[in-house]
Amino acid sequence: MILADIYQLWSSAWPAGLTMLGLGSGFAVVLLIASIKLKVEIDPKIEQIHGALPNVDCGACGFAGCGQYAKAVSENPEFLGKCAPGGPETASKIALILNLQISDSGPPERPIVHCRANTADKTLYGKYKGIESCTAANSLANVQACKFGCLGFGDCTRACQFDALEMVDGLATVNYEKCTGCGACSRACPRNLIEMVPFAHEHMMTVACSNKETGKTARSMCKVGCIGCGLCAKKADTFSIEENLAHLDYKKYQPTEDTETAINKCPTCVIIYVGKSAPPPRQPAKKTAAAKT
Amino acid sequence: MSKIRYFIKQSWLLILSSFCFGLLLAIANAAWYPRILQNEKEKLNKLIVGLVSDANDFQIVIEDVNIPGERGKIIKTDIYKVRNAEGKTAGFAFVGIGSGFADKIKLVITIDSKCEKFLGFDVLSSNETPGFGDKIKEKEFRTQFKGIVAGNLEIIKAGEAKNGKVMAISGATVSSESVVKIFNIYIDKITQKIQEAGLD
Amino acid sequence: MTTKTTEGPILGQTFIAGLWRENPVFRLLLGMCPTLAVTAAVKPALTMGLSVIFVLVCSNIVVSLMRNLLKPHLRILMFTLTISTFVTIADLFLRAFQPVMSERLGPYVPLIIVNCIIICRAEACASKNGLVVSIVDAVGMGIGFTLALCVLAGVRELLSTGMIFEAKVMPAWFVPWAAMSMPVGAFITLGLLLGLVNKLTKGKS
Amino acid sequence: MRNTENEMEETRFENITVAPAPHISRPVWTYQVMTDVIIGLVPAMAFAGYYFRIHALILIGTCVISCIVTEWICNLILKRPNSLGDFSAVVTGIILALSLPPGLPVWAAVIGSAFSIAVGKMVFGGLGSNIFNPAMAGRAFLAASFGMMMTSWTVPATINPAMPEISAVNKIDARTQATPLAWSKMAIKRKEPADVVNEQLKAMLMGEVGGCLGETSAIALLIGGLYLLIRKTINFHIPLAVLTSTFVFAGVVYLINPQAYIQPHAHLLSGGMLLCTFFIATDPVTAPLTRRGMWIFGAGVGTITMLIRVVGGYPEGVMYSILLMNAVTPLIDRLCRRTPAGGKPSV
Amino acid sequence: MDTLNILLVGFISIVIVNNLVFTKFLGICPYLGVSGRIDMAFGMGMAVTFVVTLSGTLTWLIDHLILMKMGLEVTRYVCFILVIAGAVQLVEMYIRKFFPSLYESFGIFLPLITTNCAILGLCLFINLWGIDNLLEAVVLSFGAGIGFTMAICIMAGIRENLNMADVPESLKGAPITLITAGLLTLAFMGFAGMIR
Amino acid sequence: MKLETKGRFSFRGGVHPPESKSLTDEIPIQPGPAVKEVGIMLSQHIGAVCQPLVRKGNMVQAGQKIGDSDAFVSAPVHSPITGKVKEIALRSHAIIGRSKAIIIEAYDYNPTKRSYCKIDDDFDENNYSAEKICDSVRQAGIVGMGGAGFPTRVKIEPNPRLPKDTLIINGCECEPYITCDYRLMLEYTRQIIAGVKLARKASGCSRTFICIEDNKPKAIEAMNEAVESFGGGIQVVPIKTKYPQGGERQLISALLKRYVPTGGIPPMIGVVVLNVATAAAIAEAVVADLPLTHRVVTVTGEGVARPGNFYVPIGTSVAELIQFSGGLKEDAVRVILGGPMMGIAIADLTKPITKTVGAIIALTEKQIGGAKFAGRQTPCLRCGRCLEVCPENLNPTKIAHAVKHNLLDVAENNYINACIECGSCSYVCPANIEVSGHIRTGKMLLARQKKKIPD
């Protein structure tokens, strides 16, 4: 009985089975031959990324298939998190592939804002009533007295994909926990205040000013501006004075006693620490007194 | 030789599994196909019983009748004979297809044993606009066709619905027209075929 | 093999992920075609969801079993073959035992083949993980998909007929919004639901 | 008078502001543009009030109020500043109301208004961002949802006995009447002469026919449109293109078979054509920006309307043609991109 | 004349009246995904048109010449998808190798199309509608591709404009695209009933 | 012959802002304040920055060259007064923020002494060779005094690659409020004509037009008279009053129906456009050998107590000029260098004026838009008004929105760089959007992007 049933099933099923067999093997042959004959050389990095992708070709990333996406990511890391099927796992894998090429060249670069003036510290001129954008405001000379300092309209915060910058009291402040060092903020700042420097240490020392005015003028413009007095350069040789402005050689910078003295001796407190767990900046002693008058 | 070996090495899994899947499909098909057929028949049966009051069972009497449809297209359909409990002919049924407002409409149409009157119709499948066109499924519209003379029908929007005139559904004239059109396309050929075959 | 203590939470996470964090409809935006097409009412949506779960589980099992035997050039072909087989079986089953639903779903049942969720899970999960993880993942994803479908269908059915699961819910004076059962309703409801989900999850991820 | 001499070192004043040029501007504001549109709609509203009495009052009131409330709520939810001051919600409300049949229940009008503002406008980011005309989006939603109500026309209070009543269709409300367009559509289908409509030209001009609130009276709409044109609130390009293309299409059809189709000017006067021409198609937000684009847009609106009226499934196609042309407006704008006066840059 | 009429009506029907995207929800994934820019959308549309014509014809032939003759309807879905996937992969490789510039402009969209439900959907619908004429099947397939191109290009135009709109944060991206698509279907309802 | 003062020529687009010229147009040019100190910017105009030729503590004579550059596109600067160099330091600059300036302490400066030189009746431009004219123009540091400040020598010098045939003298002065050129045309007509003739001689142009807007009939009349008696071959053309008629691209298209290629300059189509003030300066430089050290500045606006036109040394501070004309009124809220449509708002009034500043305008809240919704932007209605007024046939709203949403490629595709920043679009916008502000921002962003990422 059972045998008869099985025979009956078999007799009705074998054509379908054979068709599929033929179809399957046919495609296998054709595709195998095609994959050998029609092979195209592509960039190994792209291929690597392509391999890391799910290869679903779902189009969720907005590109035409995984191949295009791999190419796009390899050219512009901004598209990193766009693969929905792969999720964060794939993103980190691609990041790894891309970073392998970059990370050999020393410590990661992070942005440093060369200004530390809050709204209260700056000498302001007339009220700005135009477009809320640093680039627009920068085209007008008289938004604030200091031509070099942070304008506080947040072009950098808008440029940041990772939410790592915010405007604190009219000053761009980097959140180094979130920062990935992509440099978008540095490119966005119309006053070139944000510099990408190699971050060799947990927190870095920086001259938080870009004002190239003479000491007197600088003082009249900003309570925490560099007056070019040269005290820091006397104390530590990683500092130098160029065009009335203190410079720090970030590549040579090592935290030493000398630099520590420099930071403490600076009369206008423009030398500060930035980075993860950086100590709060020194406040100029006269600030409160000056504010009252 | 090595090429064949390479090929087998690369694709044995695909070939094997395609064969297995083929078998699997065939088995599933063999096991369930009778049921699928029965479902279809049951559905038709249910509809016909709802239309022809004393219907008991039905069978195909003429296969593949060629109907000259819209724009010179030939549509094929089967004619069913509906029998009552005594085994006498209670009427005939056929499936009519035509385009509606949105997509194809598929109807079961019944006529009496003398091909004089329609016994009504029901919708096998349609994709008409919900709230408008799909009112062709509702009783108010369908009862108009019950007992209407089997000839060319006409759709009207106002006036009195009699003598082969059918009142359109308000707001869904197109769907109503499509139904009537299906009736008109089929009826002549079907009647002719039935009479030719002498199946009264 | 990993020990039980680490496997437990991983399995749980895999399961939960499909429900919300990586919900195929609301978060990954995959399988939009059935999501929109079959959600005019809850019942076909549920049927579709169950069919997807069945296909997902079966294909994940098969892919997971033969994950070490796959060859790169024929991988996608293999997946497609597996999936389409199980979809055909699901379709046959529906036609045999749920004829009404089968008719209602129409070609959208065979279209499960091209539902990105399935091939995506086969690729992203089953071809890399063991049997158990694959099954749990498939079930989680499937249930997530089904739930999303049902939510969408619930809203649409309620507004377009005043009923949920074919049971009258709205008061008698309610006039059904026919547009909700049309494509318009599908697109707009899903759009607004996605917006809502985005709003709810904002800042969490 | 302030002494600037003594402050040479720090010459600045607290109230001096800086901003990019230009420093002067013409005092025409958005709300004034919208007010103009509202004024232009007044004749149509007045005629609607005359013919449909309380129906008109209720519908216009309901739509305007619910549009305003919806916009207010949406602004609250989206945490946006209050945008009611630009009066665009009022305009949407009035246009929606004028394009509704007079007998529509109040709750349906509320749903339509809410859809118009919420889905038609606010989800896109409010005024100026919407792709589709909000009022037409709302009306289309209503037409899809409550088709029956949207196609039963209450007879104007001043009944015109010449138009045949179709009481048998809608047994609930005996006082309904087919619109001229519905009548023409039926004539096309039944291959009967459409003389009934052609004889009604004067009634259509005055508004003594069935139809939507603000659509029936051609003369009121013409007055309003003329006002907008004179005030330069709208350009003449779109209205002219719409009317011309409709007239030409209808004329060709009419010449082919004068028996079956209504006269071209009857097409212009009937249905929502004039309301659309002057108040909806000219909605700047959803129409192309360039002159050439406007011509294409207008011609598209007219042609699609006539296509739907003549061969489509609906008697009236203005609403759909507006929405369709709204959808392709970005493409038209791209096609008709302006080139600088000095030619394209060589690099 | 009749044949021509049928073909023309079928073409218009599938491009405008029964547009796959607007009425059948087919091809929604690329419709949402690849409609960001008009040139991309157009390339995608062209690729879909090409593949859908090819696969519509192929599957019709296989269906009618092999499967129906041999009573193997049960393997229909498997055969369809394998034919589509195989053909697409082959064509992609072929253009990539021999026509690199063509590949850059539209070949890159080809892999995406295998999982585009518009292709398989159309093949199934051709079967469902009972199209028994090869020419009609070809025209319908081509029309479906054109319809898809039209839909995705309109959407891309709108989305390029929406990039410059003030869309609420949580509705940006897919949600607003879906809502726009909804309103588009509302607009396209105007054509319903045009072909009878 | 009846004088025709109705303009027939015009361009497409443009706006009609209230002219407001009645504040100063009847006030003759007066000597400026007796300045104690002037600041000569080393960066006065487009082109290379000058290097100082003097050092702190040096004594300088009036007219002495104190800064120069070797670059082709450059012009030297001269000291307008006799005095001592106090310092060379950064001073507030209208365009680039801070710039180096030479501060000169005046030594007994008498403003009434200096005025435009007299032109004799027997003046003949053929007494001067073309090379001599060009050289004098260069040595006198003459730049375009209309606004942009392109070194004039570069403009008028014959260039074999770009032969010139038409010389247009721009006396349109289309910006509201400003009357310095108008007064110049009335009072120093002969100097202008002499300058025109010299420029024509130098550039070798065959046709010469003096274009004046038809809202200045007196100027047209005066010019016509002078041309009849004094200048042969020069044609005075009334032009329709419309802003920005004074833009050289618009003027050329209105007059000649020729279009300067996008991104190009007038010499590309054989045209030289000079401002009337520049023409007068050429005459001074060539005839009297006086460098460009003084200019006429209109100090006007509702926020100024006693508006007027003043002949002042370059380098005078804005504050001093305002003080001289009665100081700012209490309700003045904006001080502008240049016209209200294209000028730059300043807050630091210590700024010295440069060769290109023709006006200082102080406006009150009422003028800068005292209406109900002023200062508040509403969304763009796409009403198309900006498209209608755009003199360059652009789509300003699209460009502005693309910039606003950081889609620079879209902005570039809509020809952002063809914008002349005339501000007509912002002026007419009913939604109060700073269209031209956004476009200017976009240009800067684009330039930055190009610089940062080389291909």
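The following refers to the structure shown. Keep in mind that this is a model prediction, so the values were computed, not measured.

What follows is about the overall build of chain C. When its secondary structure is counted, chain C shows eight helices and two strands. Listing every helix and strand of chain C by position from the N terminus yields α-α-α-α-α-α-α-β-β-α. Rg of the C-alpha trace for chain C: 18 Å, near the compact-globule value of 17 Å for 205 residues, within the 12% margin. Burial statistics for chain C: of 205 residues in total, 60% are counted as buried. In chain C, of all internal contacts separated by at least 6 residues, the share reaching a separation of at least 24 is 74%. For chain C, the accessible surface area stands at approximately 7,700 Å², while carbon and sulfur atoms represent 70% of it.

Moving on, we come to the packing of helix H1 (residues 130-139) of chain F against helix H4 (residues 189-203) of chain F. All names here are of chain F. The interhelical angle for the contact between H1 and H4, taken along N-to-C directions, is 115°, at an axis separation of 8 Å. The way H1 lies across H4 gives a crossing that is left-handed. Touching Ala 130, Ile 133 and Cys 134 of H1 are Leu 198, Lys 201 and Ala 202, all from H4. In terms of residue class, the contact of H1 with H4 is made up of five nonpolar, no polar and one charged.

Our next topic: a nonpolar patch on the surface. All names here are of chain D. Taken together, the side chains of Ile 65, Val 69, Trp 72, Ile 73, Leu 76 and Ile 77 make up a nonpolar region of the molecular surface, amounting to roughly 590 Å² of accessible area. Positionally, Leu 76 belongs in helix H2 (residues 54-78). A relative accessible area of 52% means that Leu 76 is categorised as exposed.

Each side of the interface is counted separately: chain B has 15 residues, and chain A has 16 residues. Interface area, chain B with chain A, both sides summed: about 1,200 Å², of which 90% is carbon and sulfur. Counting every contact that joins chain B to chain A gives zero salt bridges. Where chain B packs against chain A, one counts zero residue pairs in polar contact (both at pLDDT 80 or more). Tallied by class, the residues present in the side of chain B that touches chain A amount to eleven nonpolar, four polar and no charged.

Okay, the pairing of strand S13 (residues 294-300) of chain F next. All names here are of chain F. With seven of seven residues buried, S13 lies mostly within the body of the structure. The two faces of S13 match: His 294, Val 296, Thr 298 and Thr 300 on one face and Arg 295, Val 297 and Val 299 on the other face are all buried. Judged from the six bridges that link them, S13 and strand S14 (residues 308-313) form a sheet pairing that is antiparallel. Bridge assignment links Val 297 to a residue of S14, and that residue is Phe 310. The sheet contact formed by S13 and strand S17 (residues 359-364) spans three bridges and is parallel. From the neighbouring strand, Thr 300 faces S17, where its bridge partner is Ile 361.

Right, let's talk about a negative patch on the surface for a bit. A cluster of acidic residues, A:Asp237, A:Glu257, A:Asp258 and A:Glu260, forms a negative patch at the surface. Within the secondary structure, A:Glu260 sits in helix H10 (residues 257-265).

Of all eleven residues in helix H6 (residues 116-126) of chain C, ten are buried; the element is thus mostly enclosed. Of the residues making up H6(C), those classed as buried are C:Cys116, C:Ile117, C:Ile118, C:Ile119, C:Cys120, C:Arg121, C:Ala122, C:Glu123, C:Cys125 and C:Ala126.

For the rest of this paragraph, the subject is the pairing of strand S8 (residues 97-106) of chain F. All names here are of chain F. Where burial is concerned, most of S8 is hidden: seven out of the ten residues are buried. Where strand S2 (residues 37-41) and S8 come together, five bridges link them in antiparallel fashion. In the sheet register, Ile 40 faces S8, and the bridge partner there is Ile 102. From the end of strand S7 (residues 83-93) to the start of S8, which pair antiparallel, there are three residues.

Further remarks concern the interface of chain D and chain F. If you look at the interface, chain D gives 51 residues, while chain F gives 75 residues. In this assembly, chain D packs against chain F so that about 5,400 Å² is buried in total across both faces, 55% of it on carbon and sulfur atoms. It is D:His23, D:Ile24 and D:Arg338 that lose the most area in chain D upon contact with chain F, and together they represent 15% of the buried surface on that side. Here chain D is connected to chain F by two salt bridges. With a closest N to O distance of 3.9 Å, D:Arg291 and F:Glu388 form a salt bridge. Inspection of the region where chain D meets chain F yields 21 residue pairs in polar contact (both at pLDDT 80 or more). Secondary-structure elements contributing two or more residues to the side of chain D that touches chain F are strand S1 (17-18), helix H1 (30-52) and helix H15 (318-335) of chain D. When residues in the side of chain D that touches chain F are grouped by element, the largest group, four residues, is from H1(D).

Let us now look at the packing of aromatic side chains. Within this structure, the stated rule accounts for 34 aromatic pairs over all chains. Each ring, one from B:Phe121 and one from B:Phe145, has its centre 5.0 Å from the other, and the planes form 85°; the classification is edge-to-face. Of this pair, B:Phe121 sits in strand S5 (residues 118-125) while B:Phe145 sits in the loop between helix H2 (139-142) and strand S6 (154-156), and the two are 24 residues apart along the sequence. With relative accessibility at 1%, the residue B:Phe121 sits in the buried group. Since its relative accessible area comes to 0%, B:Phe145 is described here as buried. A ring pair is formed by D:Trp107 and D:Phe146, whose centres lie 5.2 Å apart and whose planes are at 90°; its orientation type is edge-to-face. In this pair, D:Trp107 sits in helix H4 (residues 106-118) while D:Phe146 sits in the loop between helix H5 (134-145) and helix H6 (147-150), placing the two residues 39 residues apart along the sequence. By relative accessible area, which is 34% here, D:Trp107 ends up partly exposed. For D:Phe146, a relative accessible area of 3% corresponds to the buried category. When the ring centre of E:Phe125 is taken as origin, the NZ or CZ atom of E:Lys24, which lies over that ring, is 5.6 Å away. Positioned over the ring face of F:Phe11 is F:Lys242, at 4.8 Å from the centre of the ring.

Working definition: the strands of a sheet are paired by backbone hydrogen bonds and lie parallel or antiparallel to each other. Residue and element names in this part refer to chain B. Spatial strand order, S1-S2-S3-S4-S5: five strands in an open sheet with antiparallel pairing. With partners counted over all chains shown, the strands left at the sheet margins are strand S1 (55-68) and S5, one partner each. Along the sheet, successive strands turn relative to each other by an average axial angle of 25°, direction set aside. The sheet contact formed by strand S2 (residues 74-84) and strand S3 (residues 89-99) spans five bridges and is antiparallel. Residue pairing in the sheet places Tyr 80 in a bridge with Ala 93 of S3. Together, S1, S2, S3, strand S4 (104-111) and S5 form the strand contacts of helix H1 (residues 2-51), whose direction differs from that of S5 by roughly 150°.

All names here are of chain D. Of note, Gly 85 is situated in the loop between H2 and helix H3 (88-98). Residue classification places Gly 85 among the partly exposed residues on the basis of a relative accessible area of 35%. In this structure, the C-alpha to C-alpha distance between Gly 85 and Tyr 31, residues 54 residues apart in sequence, is 6.8 Å.

Residue and element names in this part refer to chain F. The final tally for this structure, using the stated rule, is 30 salt bridges over all chains. Between Glu 392 and Arg 249 there is a salt bridge whose closest N-O contact spans 3.0 Å. Pair noted here: Glu 392 is in the loop between helix H9 (385-389) and helix H10 (396-404) and Arg 249 is in helix H6 (residues 248-256), with a separation of 143 residues, a long-range link. On the accessibility criterion, Glu 392 (3% relative accessible area) is buried. Residues joined by salt bridges that share partners form a network here, namely Lys 65, Asp 68 and Arg 138.

Residues and elements named next belong to chain D. Here Asn 130 lies in the loop between H4 and H5. Here the side chain of Asn 130 touches Gly 128 through a polar contact of 3.4 Å, landing on its backbone nitrogen. A polar atom in the side chain of Asn 130 sits 3.1 Å from the backbone oxygen of Phe 132. Not counting residues up to four positions away in its chain, the partners in contact with Asn 130 are Gly 120, Lys 121, Phe 124, Val 285 and Thr 286.

Conventions and cut-offs
- Residues numbered from 1 in each chain as written.
- Chains lettered and ligands numbered in written order.
- Predicted model: local features only at pLDDT ≥ 70, side-chain atom pairs only at ≥ 80, totals over all residues.
- Heavy atoms only, no water.
- Helix = DSSP H or I, 4+ residues; strand = E, 2+ residues; numbered from the N terminus.
- Rg over C-alpha atoms; globule rule 2.2 N^0.38 Å.
- Buried < 20%, exposed > 50% of the residue type's maximum accessible area, 1.4 Å probe, protein only.
- Contact = heavy atoms within 4.5 Å.
- Areas by Shrake-Rupley, 256 points an atom, 1.4 Å probe, with all protein chains shown as cover.
- Axes fitted to C-alpha atoms, helices over the stretch in contact; angles between N-to-C directions.
- Left-handed = near helix turned anticlockwise from the far one by under 90°.
- Nonpolar A, V, L, I, M, F, W, Y, C, P; charged D, E, K, R; others polar.
- Patch = residues over 30% accessible without salt bridge, like charges linked within 9 Å, V, L, I, M, F, W, Y side chains within 5 Å.
- Salt bridge = Lys/Arg side-chain N within 4 Å of Asp/Glu carboxyl O.
- Buried area = accessible area lost by both parts, 1.4 Å probe.
- Polar contact = N/O pair within 3.5 Å; in protein donor to acceptor, adjacent residues only side chain to side chain.
- Pairing = 2+ DSSP bridges.
- Lys, Arg positive; Asp, Glu negative; His and termini not counted.
- Charge placed at Lys NZ, Arg CZ, Asp CG, Glu CD.
- Phe/Tyr/Trp six-rings, centres within 6.5 Å; stacked < 30°, edge-to-face > 60°.
- Lys NZ or Arg CZ within 6 Å of the ring centre and 35° of its normal.

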